Amino acid sequence: VGNFPGITVDVLEAEVELPGGERARIVDLPGTYSLRAGVDPESDEGVARRYIDSAREGPGRVLVAQVLDSTNLALNLRLTEELRAMGLPLLVLATQRDVLESEGRRLNVSAFEAALGVPVLWVSARERTTRATVLEALRASTQDRVPTPLPRPLDVAQVARAALGTPALVRSGGSGGVDGRLKLFRRTARLDRVLMHPFLGPLAFLGLMAGLFTLVLLAAAPASLLIGKAVDLLAGQIHRALGPGILSGLLCEGVLSGAGTVLQFLPQIVLLTVALELVEASGYLARGAYLVDRLLRLFGLGGRSFVPLLMGHACAVPAITATRSIRDPRQRLRTLLVIPLTTCSARIPAYVLLIATFFPTLGALAKALVFLSLYVLGLLSTAVASLIIGAARERNAPRPLFVLELPPYRAPQPAQVARTAWRGGMHFVKEVGTVIVAVSAVLYILLSVPVVKAPPVPPPPGAPARTVLMSRSAAAWVGRALEPLSRPLGFDWRVNVGLIGAFGAREVMVSTMGVIFGIENAKDAPVSDLSSQIRGAKGPDGRPAYPLASGLALLAFFVLACQCMSTVAALRRETKGWRWPLFVVGYSYAGAYLAALVVFKGASALGLG
Amino acid sequence: MPARIVGFRLDPHEASWLEAVGLSCGGQVTVLRKALFGGPLHIRTGEGGEFAVDRTLASHVDVTPLSGLEAP
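From a predicted model like this one, the values you see are computed outputs, not experimental measurements.

K.L.:
It is not clear to me how the overall build of chain A should be interpreted in this structure. Could you clarify?
P.N.:
Broken down by element type, chain A carries 26 helices and eight strands. Here chain A holds 609 residues, and the buried ones make up 51% of them. The contacts of chain A with a sequence gap of at least 6 include a subset with a gap of at least 24, amounting to 72%. Here chain A displays about 27300 Å² of accessible surface, and carbon together with sulfur accounts for 65% of that area.

K.L.:
Honestly, the pairing of strand β3 (residues 64–69) of chain A in this entry has me stumped. Any pointers?
P.N.:
Remark: a regular strand shows side chains that alternate across the two faces of the sheet. Of the pairings in the sheet, the one linking β3(A) to strand β4 (residues 90–95) of chain A comprises six bridges and is parallel in character. Opposite A:V64, over in β4(A), you have A:L90 as the bridge partner.

K.L.:
Please clarify how the side chain of A:S550 should be interpreted in this entry.
P.N.:
All names here are of chain A. Considering the arrangement of structural elements, one finds S550 in helix α24 (residues 548–560). The class of S550 is buried, set by a relative accessible area of 3%. Those residues in contact with S550, other than ones at most four positions away along the chain, are L489, G490, F491, A545 and F600.

K.L.:
Mind showing me how you'd approach the packing of aromatic side chains here?
P.N.:
In this description, an aromatic ring pair is defined by two values, namely the gap between the centres and the angle between the planes. All names here are of chain A. With the rule as written, the count across this model stands at eight aromatic pairs over all chains. For the pair F491 and F557, a centre-to-centre distance of 6.2 Å together with 80° between the ring planes defines the contact as edge-to-face. Residue F491 is found in the loop between α20 (483–486) and α21 (493–501), and its partner F557 is found in helix α24; the two are separated by 66 residues along the sequence. The same class applies to F491 as to F557, namely buried.

K.L.:
Is there a simple way to explain the interface of chain B and chain A in this structure?
P.N.:
How big an interface is tends to be stated in terms of accessible area lost as the parts join. On the chain A side, the residues contacting the 30 residues of chain B number 30 residues. Contact with chain A buries surface across chain B, with B:W17, B:R33 and B:E47 losing the most and accounting together for 25% of the total. At the boundary of chain B and chain A, one finds five residue pairs in polar contact (both at pLDDT 80 or more). Elements with a minimum of two residues in the side of chain B that touches chain A: α1 (12–20), β2 (28–34), β3 (41–45), β4 (50–53) and α2 (55–58) of chain B. By residue number, the principal contributor to the side of chain B that touches chain A is α1(B), which donates seven residues. A breakdown of the residues in the side of chain B that touches chain A according to their chemical character gives 13 nonpolar, nine polar and eight charged. In terms of strand pairing, strand β8 (residues 403–405) of chain A meets β4(B) through three bridges, oriented antiparallel. Along β4(B), the bridge assignment pairs A:E405 with B:F51.

K.L.:
I'm lost on the environment of A:T80 in this one. Help?
P.N.:
All names here are of chain A. By the element assignment, T80 lies in helix α2 (residues 73–84). When its relative accessible area of 1% is taken as the criterion, T80 is described as buried. Look past the residues within four positions of T80 in its chain and what remains in contact with it is Q66, L68, L90, V92 and L116.

K.L.:
Which parts of the structure should I look at to understand the sheet that holds strand β1 (residues 2–8) of chain B?
P.N.:
Hydrogen bonds along the backbone pair up the strands of a sheet, which may run parallel or antiparallel. Judged by pairing direction, the sheet is antiparallel, and its six strands sit side by side in the order β8(A)-β4(B)-β3(B)-β2(B)-β1(B)-β5(B) without closing on themselves. In this open sheet, the two strands that pair with only one neighbour each are β8 of chain A together with β5 (61–65) of chain B. On average, each strand axis in the sheet is tilted by 40° relative to the strand beside it, whichever way the strands run. Note: β3(B) against β4(B), four bridges, orientation antiparallel. When the sheet's bridge partners are listed, B:R44 is paired in β4(B) with B:E50.

Definitions and limits used
Here the residue index of a chain counts from 1 through its sequence in written order. Chain letters and ligand numbers both follow the written order, the letters beginning at A and the numbers at 1. Since the coordinates come from a predicted model, pLDDT governs what is reported: local features require at least 70, and pairs of side-chain atoms require 80 or more to be given and counted, while whole-chain, interface and lining totals use all residues. Values shown for side chains rest on all heavy atoms present in the structure; no hydrogens or waters enter the calculation. In this text, helices come from DSSP runs of H or I with a minimum length of four residues, and strands from runs of E with a minimum of two, each type numbered from the N-terminal end. Classification of residues uses two cut-offs on accessible area relative to the type maximum, computed with a 1.4 Å probe and protein chains only: under 20% is buried, over 50% is exposed, and between them is partly exposed. In what follows, a contact means two residues having at least one pair of non-hydrogen atoms within 4.5 Å. Calculation of accessible area relied on Shrake-Rupley with a 1.4 Å probe; when residues are assessed, cover is drawn exclusively from the protein chains displayed. At least two bridges found by DSSP between two strands is the condition for calling them paired. We call Phe, Tyr and Trp rings a pair once their centres come within 6.5 Å, taking the six-membered ring for Trp, and we label the pair stacked below 30 degrees between planes, edge-to-face above 60, and tilted otherwise. For any pair of parts, buried area is found by adding up, for both, the accessible area (1.4 Å probe) each one loses once the two are put together. Two N or O atoms form a polar contact when they lie within 3.5 Å of each other; inside protein one atom must be a possible hydrogen donor and the other a possible acceptor, and for residues adjacent in sequence the pair counts only when both atoms belong to side chains. Polarity classes work like this: nonpolar for Ala, Val, Leu, Ile, Met, Phe, Trp, Tyr, Cys and Pro, charged for Asp, Glu, Lys and Arg, and polar for all others, with Gly in that last group. Each axis is a line fitted through C-alpha atoms, and for a helix only the stretch in contact is used; angles between axes span 0 to 180 degrees, taken between their N-to-C directions.

Structure (structure tokens):
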């Protein structure tokens, strides 16, 4: 139906059974306005065009179904004319029937079919019966022949007028007759007067985004606490049922201390997904792109980079796919290279743990503000990285085009929002249930099997037997081997083990620390307050192992490092090679190390060491 | 105030994008607002679609104001 934020940028496929039992493969292509206008072949519109071209050559019967917005017919009819000329059977699916009817208007389907010379179905995607109706129409249309060429070019405005007729009047409360279409325009115009105002608009946008993120974090806290208590309860039950031993240790101090700790961040991730979906589905996201276009241009990005960058705050992987909507290849690559610096939801567990550990006396609101400042740091690092990359690669490059549809404001569909939240939550639970459980269990074993007779730095006198055992383990050996590199940052072997675990997925850092301190502090019953355990940890000299300077350095490291293999894989897919993914890993880790070093030395000089 | 597009000073590739969204010669366009500091324009086409358009790009589109009788 178009090409604006919220529209598919990927090729999505599904196999369905048509009425009558025949099977068909349905392919959802990215939105486009034209097949003739020049596009970058790697952009979403280029992908759509390539797919249609290859489908014409491929085996089997192919039917093109154009989904168009019946409230904005003229905009979509140019594409209809181009599709008609392609020599494939065509079915037009005009959507938004409910919206058009609520405006007191109807689509004259027979007049529309006569003007286009192809079958037309007028539907509302919100109705349950629509699926069956569309499948039946698809079945019938696959038997159709290629449409005959039109005698003359379509006058899109005239066809749209003929199909929609004269707007009817609808009653609106006691205020008299009001044209429904006009009402929608007026509502959008009223909202835009404030939200798109040259001064108020950017302020409202920044306020809304900051408020949204703060609200998500504050609202999620009680639910996180509940999950934490449930994990504790379960660990206690297992411990009592199995008694002390290898299995109980593996389950309680390994799996539950690790994966259970990460699971506590499910509410934040689900709420953040809901918040971003609401902004996207309402039509406001496209306005955000308009509002920040000038600002982003200062950093060599642009309005079309905004949506992937904002999506990156939930997860970098779909955000990397979303860069396909950026038409300019240089701007797209630049956006791809800086997306891993945005504060994705996987950073949340590490940030929450570190804030709770190193700022224990702050209230909930103050903690949320520290959190927000980490988001701001993420944005700043994104901007600086983009400037540096641009200065190195793109001197005197022409300015990219920016044309973006601003759809009318619409109420988000609760079912769609719920589906997105469910998908986001399930993805996280699946990762916790597979990768993080496995890593936690392996780490527990690596921390429990001794490989050295005597550690180079023995644990403090009087340390529990488990701590002594752990200090001789394989994981501790690797962590200690890296200490010459990490000591200038204030990190000891335990943090090193956490950072190694976090190389593939940053949230593993929390589970790793959970396992390490779970083992170290395991008593009669497991304790889940990881932050107080880390705060109370002692170094070999008996002094606190992690002063505030170490905590700040660790935060700086997490702001910059690209600790996500899924992101690296997505970058490889989109850039078709290893050059750029390796560049991102290299520059982000180098930047993270340097930033942590500067922060640790600076904070130590200020007496925070 | 609405205006009629009378010409483009753009290369065909750039002009093709504008035509695809309804900004073609003879078409109507209204500038609704301008973002600060040389930011994009918020425009409405004669067909009712609304778009954000880069200001430099827009400055290469020639328009003539519509008289009261011509305006919708």
